[in-house]
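Spelled out from the first residue to the last, the chains are:
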Amino acid sequence: MALSSISALIVFLLLNFAAASSGAFFRPDLWYAKLRKPSWTPPNWAFPIVWSVLFCAIAVSGWLVWEAAGLSAWPALVLYALHLLVNAAWSFLFFGLKRLDWAMIEVICLWAMIVMVLVAFYPFSALAALLLVPYLAWVTIAALLNYRLLQLNGPRGSTTT
């Protein structure tokens, strides 16, 4: 692997680390612990593990497109970067502002953006697109969980206080 390729992979990993840092900054707290949750809620320990694996796959996905097409893939890569910003916003809305309703709208937008990135990546690298499928599945689960939490607790989780 050439140094330029390694450098590009590092850039993609750093971009994803930056997006993931939102989840490290805005974390579950007592407010979240008090929310009524459905029985199928994943355990708290699962989230950082799953997200770490997913963010690595997302980084490799972007890197594969960069390696395949470079700047000629700029529209897909801009969409990719924008989707990382949208991803980072969810933790702020849900855990930071404690707005289950706004987070629900945001996660729907994130889901749609993941689909758009997947479709945009496919012509450059089928593997890059396939690496996003587990991410899409996890965000689908997150959206369903967000929706159920909204139903059980209201827009601000206020039914638990």
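Rules used throughout
- Residues numbered from 1 in each chain as written.
- Predicted model: local features only at pLDDT ≥ 70, side-chain atom pairs only at ≥ 80, totals over all residues.
- Heavy atoms only, no water.
- Helix = DSSP H or I, 4+ residues; strand = E, 2+ residues; numbered from the N terminus.
- Rg over C-alpha atoms; globule rule 2.2 N^0.38 Å.
- Buried < 20%, exposed > 50% of the residue type's maximum accessible area, 1.4 Å probe, protein only.
- Contact = heavy atoms within 4.5 Å.
- Areas by Shrake-Rupley, 256 points an atom, 1.4 Å probe, with all protein chains shown as cover.
- Lys, Arg positive; Asp, Glu negative; His and termini not counted.
- Charge placed at Lys NZ, Arg CZ, Asp CG, Glu CD.
- Patch = residues over 30% accessible without salt bridge, like charges linked within 9 Å, V, L, I, M, F, W, Y side chains within 5 Å.
- Salt bridge = Lys/Arg side-chain N within 4 Å of Asp/Glu carboxyl O.
- Axes fitted to C-alpha atoms, helices over the stretch in contact; angles between N-to-C directions.
- Parallel < 35°, antiparallel > 145°, perpendicular 65-115°, else oblique.
- Left-handed = near helix turned anticlockwise from the far one by under 90°.
- Nonpolar A, V, L, I, M, F, W, Y, C, P; charged D, E, K, R; others polar.

### Points about the overall build of the protein chain
When you go through the protein chain residue by residue, the secondary structure sums to seven helices and zero strands. In the protein chain, the order of α-helices and β-strands from amino to carboxyl end is α-α-α-α-α-α-α. Taking 2.2 N^0.38 as the reference for a compact globule, 161 residues should give roughly 15 Å; the C-alpha atoms of the protein chain span a radius of gyration of 17 Å, in line with that estimate. When the backbone C-alpha atoms are referred to their principal axes, the protein chain occupies close to 55 × 25 × 25 Å. In the protein chain, which comprises 161 residues, the share counted as buried stands at 42%. Within the protein chain, contacts between residues separated by at least 24 positions form 80% of all contacts whose residues are at least 6 apart in sequence. Only carbon and sulfur atoms are counted for the fraction: they give 77% of the accessible area of the protein chain, which is about 8600 Å². Measuring between centres, the 8 positive side-chain charges of the protein chain sit 16 Å from its 4 negative side-chain charges.

### Here's the deal with the side chain of Ser22
Tracing the chain through its elements places Ser22 in helix 1 (residues 3-25). We classify Ser22 as buried; its relative accessible area is 11%.

### Side note on the environment of Leu110
Its location among the elements puts Leu110 in helix 5 (residues 100-121). Given the relative accessible area of 4%, Leu110 is considered buried. It is 9.8 Å that separates the C-alpha atoms of Leu110 and Thr140, two residues lying 30 residues apart in sequence. Beyond its immediate chain neighbours, meaning those up to four positions away, Leu110 contacts His83, Val86, Asn87, Tyr135 and Val139.

### Describing unusual backbone geometry
Here Lys98, not a glycine, exhibits a phi torsion of approximately 60 degrees, which is positive. When you line up the elements, Lys98 lands in the loop between helix 4 (74-96) and helix 5.

### Regarding a nonpolar patch on the surface
Together, Met1, Leu3, Ile6, Ile10 and Leu14 make up a nonpolar patch on the protein surface, roughly 550 Å² of accessible area in all. Looking at the element boundaries, Leu14 is found in helix 1.

### Observations concerning the packing of helix 1 against helix 3 (residues 46-69)
At a minimum axis separation of 9 Å, helix 1 and helix 3 run at an interaxial angle of 140 degrees. Taken together, the axis directions place helix 1 and helix 3 in an arrangement best described as oblique. Handedness of the helix 1/helix 3 crossing: right-handed. Facing Ser5, Ala8, Leu9, Phe12, Leu13, Asn16, Ala19 and Ala20 of helix 1, the residues of helix 3 in contact are Phe55, Ile58, Ala59, Val60, Gly62, Trp63, Trp66 and Glu67. The residue inventory of the contact of helix 1 with helix 3, partitioned by class, reads twelve nonpolar, three polar and one charged.

The quantities given are spatial measurements derived from coordinates; they are silent on function.
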